[in-house]
Amino acid sequence: ELKVEQNPLFLSMQEGKNYTIYCNYSTTSDRLYWYRQDPGKSLESLFVLLSNGAVKQEGRLMASLDTKARLSTLHITAAVHDLSATYFCAVDMGFFRTSGSRLTFGEGTQLTVNP
Amino acid sequence: EAGVAQSPRYKIIEKRQSVAFWCNPISGHATLYWYQQILGQGPKLLIQFQNNGVVDDSQLPKDRFSAERLKGVDSTLKIQPAKLEDSAVYLCASSFFQIYNEQFFGPGTRLTVL
């Protein structure tokens, strides 16, 4: 059974600081997604990582994937209050060419950025 | 393009009652997913449809949960009878067959079972 673990689960940081959220998973996969969820809202797709060594950046967020280590990271640079949300990684074990993706989500990292 | 639509947005029922949720995926998306998200946890896949066929329902509690996707477009998820532990947000997502099958999520239905 695939296990996806995120750490930390709770992160409180000051504006302007840098930090990294880690996502470890237990079974080989080369497709991983990062989502953002605001309180009471649905999930918003942030990054799609499709191969070993993939790196994607959008604004103050950068995600990377190391399939050999079964590890993805979400790095936050110079945090601002608007980044406060819960961040989920999700590992895809589906045979997407025939049946679509099959996501297993981590527990989520609740990020609070304080002024 | 319009996103994934779900209704109702909120539902409160007594235990042992039945409830149904509706989902309309993004136009042209062949794959539809239902997830259960319990407060403080990540979403858990309940059932996955490819057009109107079930691809994966291994985590669906079939004694009380059922889902259908007639005509390969809209889908309904039903719980009968509901238990207290079914209180959660039920999320619908859809994806199009493309190289990475990114899933797009609807706003969810928040169910409270009293």
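An account of the accompanying structure is given in this report. All figures in this text were calculated on a predicted structure; none of them were measured in a lab. (Residues numbered from 1 in each chain as written. Chains lettered and ligands numbered in written order. Predicted model: local features only at pLDDT ≥ 70, side-chain atom pairs only at ≥ 80, totals over all residues. Heavy atoms only, no water.)

### Re the overall build of chain A
Note the threshold: Every helix listed is a DSSP run of H or I at least four residues long, and every strand listed is a run of E at least two residues long, numbered separately from the N terminus. The globule rule is 2.2 Å times the number of residues to the power 0.38, and the radius of gyration it is compared with is taken over C-alpha atoms. The buried label applies to any residue whose accessible area, calculated with a 1.4 Å probe on protein chains only, is under 20% of its type's maximum; exposed applies above 50%, and partly exposed to all values in between. Note on definitions: a residue-residue contact is assigned when non-hydrogen atoms from the two residues lie within 4.5 Å. In these tables, accessible area is a Shrake-Rupley quantity obtained with a 1.4 Å probe, and a residue counts as shielded only by the protein chains included in the view. Note on charges: Lys and Arg go in the positive column, Asp and Glu in the negative column, and His and the chain ends are not counted at all. Charged groups are reduced to one reference atom each: NZ for lysine, CZ for arginine, CG for aspartic acid, CD for glutamic acid.
The number of helices and strands found in chain A is one helix and eleven strands. Put simply, chain A runs from its N terminus to its C terminus through helices and strands in the order β-β-β-β-β-β-β-β-β-α-β-β. The C-alpha radius of gyration computed for chain A amounts to 14 Å, which stays within 12% of the reference 13 Å derived for 115 residues, consistent with globular compactness. Structurally, chain A occupies a C-alpha span of about 45 × 30 × 25 Å along its principal axes. Looking at chain A as a whole, 48% of its 115 residues are labelled buried. Look at the contacts in chain A between residues 6 or more apart in sequence, and 56% of them connect residues 24 or more apart. Of the roughly 5,700 Å² that chain A leaves accessible, carbon and sulfur atoms contribute 50%. Between the averaged position of the 11 positive side-chain charges in chain A and that of its 11 negative side-chain charges there is a distance of 4 Å.

### Thoughts on the state of the cysteines
Residues and elements named next belong to chain A. What counts here: In this description, a disulfide is simply a cysteine sulfur pair whose atoms lie within 2.5 Å.
Counted according to the given criterion, the structure contains two disulfides over all chains. The residue that forms a disulfide with C23 is C89, at a sulfur-sulfur distance of 2.0 Å. Handedness here is read from the sign of the S-S torsion; for C23 and C89, about 80 degrees, the answer is right-handed. A residue pair is termed long-range when its members are at least 10 positions apart, and C23 in strand β3 (residues 19–25) and C89 in strand β9 (residues 85–92) qualify at 66 residues. For the residue pair C23 and C89, the accessibility class agrees, reading buried in each case.

### Comments concerning the pattern of salt bridges
Put simply, the test is: A pair is scored as a salt bridge if a Lys or Arg side-chain nitrogen falls within 4 Å of a carboxyl oxygen belonging to Asp or Glu.
Scanning the model with the defined rule gives five salt bridges over all chains in all. Between D56(B) and R102(A) there is a salt bridge whose closest N-O contact spans 2.5 Å. Residue D56(B) is found in strand β6 (residues 53–56), and its partner R102(A) is found in the loop between α1 (96–99) and β10 (103–105); the two belong to separate chains. Residue classification places D56(B) among the buried positions, given a relative accessible area of 14%. Notably, a salt bridge pairs K62(B) with D57(B), separated by 3.7 Å at the nearest N-O pair. Judged by its relative accessible area of 27%, D57(B) falls in the partly exposed class.

### What about unusual backbone geometry?
Between N7(A) and the following residue, P8(A), the backbone shows a cis peptide bond with an omega angle of 0 degrees. Relative to the helices and strands, P8(A) is located in the loop between β1 (4–7) and β2 (10–14). In this structure, P81(B) follows Q80(B) across a cis peptide bond, with omega equal to -5 degrees. With a phi angle near 50 degrees, A78(A) is a residue other than glycine that sits in the positive phi range. Relative to the elements of secondary structure, A78(A) occurs in the loop between β8 (71–76) and β9. Here the phi dihedral of N51(B) falls at roughly 55 degrees; this positive angle occurs in a residue that is not glycine. Residue position: N51(B) is located in the loop between β5 (44–50) and β6.

### A word on the sheet that holds β3(A)
All names here are of chain A. Cut-off, in case you're wondering: Paired strands are those between which DSSP finds at least two bridges. Each axis is a line fitted through C-alpha atoms, and for a helix only the stretch in contact is used; angles between axes span 0 to 180 degrees, taken between their N-to-C directions.
With respect to topology, five strands assemble into an open sheet ordered β1-β3-β8-β7-β6, the strand pairing being antiparallel. Two strands close off the open sheet at either side, each with one partner strand: β1 and β6 (55–58). Each adjacent strand pair in this sheet contributes to an overall mean axis angle of 15 degrees, direction not counted. The pairing of β1 with β3 spans four bridges and is classified as antiparallel. When the sheet's bridge partners are listed, Q6 is paired in β3 with C23.

### Here we look at the interface of chain B and chain A
Quick note on the threshold: Here the buried area means the combined drop in accessible surface, using a 1.4 Å probe, for two parts upon being joined, counting both sides. Any pair of N or O atoms that falls within 3.5 Å is considered a polar contact. Within protein, one atom must be able to donate a hydrogen and the other to accept it, and sequence-neighbouring residues count only if both atoms are side-chain atoms. Amino acids are sorted into nonpolar (Ala, Val, Leu, Ile, Met, Phe, Trp, Tyr, Cys and Pro), charged (Asp, Glu, Lys and Arg) and polar (every other residue, Gly among them).
With 27 residues of chain B at the interface, the matching set in chain A holds 21 residues. When the two sides are added together, the surface that chain B and chain A hide from each other amounts to roughly 1,800 Å², 50% of it contributed by carbon and sulfur. Where chain B touches chain A, the interface holds one salt bridge. Remark: the boundary between chain B and chain A carries five residue pairs in polar contact (both at pLDDT 80 or more). Those elements giving two or more residues to the side of chain B that touches chain A turn out to be β4 (31–37), β5 and β6 of chain B. With four residues, the single largest contributor to the side of chain B that touches chain A is β4(B). Within the side of chain B that touches chain A, the residues separate by chemical class into eleven nonpolar, 13 polar and three charged.

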